[in-house]
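Residue-level structural notes
Listed here are the chains, written in short residue letters.
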Amino acid sequence: MREAQECDPNVLHPETEATVEQFASALKAKLVRAQQKYGHSTGWKYEDWRTTCQSELTRHVAKGDPLDVAAYALFCWARGWTTCARSDGSDLMSSPGRIASANAIGAGSVRLLGGEA
């Protein structure tokens, strides 16, 4: 409880911030390696990749590599897709909420996705 009182509620704790930065850097490096090895670039932007992306995320959870899971979660997030398909084909995420989340996270996430900051 004391820790919460000492932290600025609008700023991540420095150790959490460092962990986020390290994870983002490791994820970016993994995506670069996949791009080099498999020739992947912007396939995550294709509309017909949604079901595959959601399935691969689930499959990679079982495999156990958090970076693989994060990569597929990132692509779902970027497209406004949930991490699993609903039986009625709809998504739980709404575009306005996703856009607000993207804006809150900042320009660094846009660079990670390969867009312009």
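Structure: above.
Reading the values: the criteria
Residues numbered from 1 in each chain as written. Predicted model: local features only at pLDDT ≥ 70, side-chain atom pairs only at ≥ 80, totals over all residues. Heavy atoms only, no water. Helix = DSSP H or I, 4+ residues; strand = E, 2+ residues; numbered from the N terminus. Buried < 20%, exposed > 50% of the residue type's maximum accessible area, 1.4 Å probe, protein only. Contact = heavy atoms within 4.5 Å. Areas by Shrake-Rupley, 256 points an atom, 1.4 Å probe, with all protein chains shown as cover. Salt bridge = Lys/Arg side-chain N within 4 Å of Asp/Glu carboxyl O. Phe/Tyr/Trp six-rings, centres within 6.5 Å; stacked < 30°, edge-to-face > 60°. Expected span 1.5 Å × (residues − 1). Arc of directions from axis to C-beta.

Right, let's get into the overall build of the chain. Within the chain, the secondary structure is distributed over six helices and zero strands. When the elements of the chain are put in sequence order from the N terminus, they spell out α-α-α-α-α-α. Here the chain, with 117 residues, has 21% of them falling under the buried criterion. Considering only contacts within the chain whose residues lie at least 6 apart along the sequence, 56% involve residues at least 24 apart. Surface summary for the chain: the accessible area is close to 8,400 Å², and the carbon and sulfur share equals 55%.

With that out of the way, let us pick up the pattern of salt bridges. Across all of its chains, the model carries four salt bridges by this definition. Note that Glu47 and Arg79 form a salt bridge whose closest N and O atoms lie 2.3 Å from each other. In this pair, Glu47 is assigned in the loop between helix 2 (14-38) and helix 3 (50-63) and Arg79 in helix 4 (residues 66-79), connecting sequence segments 32 residues apart. For Arg79, a relative accessible area of 19% translates into the label buried. Residue Glu56 pairs with Arg59 through a salt bridge whose shortest N-O separation is 2.8 Å. With Glu56 and Arg59 both in helix 3 and three residues apart, this pair spans about one turn of that helix. Owing to a relative accessible area of 41%, Arg59 belongs among the partly exposed residues under this scheme.

Going through the model one piece at a time under the given rule, you end up with four aromatic pairs. The interplanar angle of 35° and the centroid separation of 6.1 Å between the aromatic rings of Trp49 and Tyr72 together place this pair among those described as tilted. Residue Trp49 is located in the loop between helix 2 and helix 3, and its partner Tyr72 is located in helix 4; the two are separated by 23 residues in the primary sequence. Side by side, Trp49 and Tyr72 carry an identical accessibility label, which is buried. With a centroid separation of 5.8 Å and 65° between ring planes, the pair formed by Trp49 and Phe75 is classed as edge-to-face. Here Trp49 is found in the loop between helix 2 and helix 3, whereas its partner Phe75 is found in helix 4, with 26 residues between them in sequence. What makes Phe75 buried here is its relative accessible area of 12%. Three or more aromatic residues joined by ring pairs form one cluster here, namely Trp44, Trp49, Tyr72 and Phe75.

Below, the discussion takes up helix 3. Think of an α-helix as turning once every 3.6 residues; residues three or four places apart then point the same way. Under the 1.5 Å per step criterion, the end-to-end length of helix 3 is 20 Å for 14 residues, consistent within 8% with the ideal 20 Å. Along helix 3, the positions that sit buried rather than exposed are Cys53, Gln54, Glu56, Leu57 and His60. Each buried residue of helix 3 sits inside an arc of 160° when the element is viewed along its axis, so together they form one side. With respect to the buried face of helix 3, the exposed residues turned more than 90 degrees away are Thr51 and Ala62. Packed against the buried residues of helix 3 are helix 4. Backbone geometry just after helix 3 places Gly64 at a positive phi near 100°.

Interpretation note: all reported values are geometric properties and have no functional meaning in isolation.
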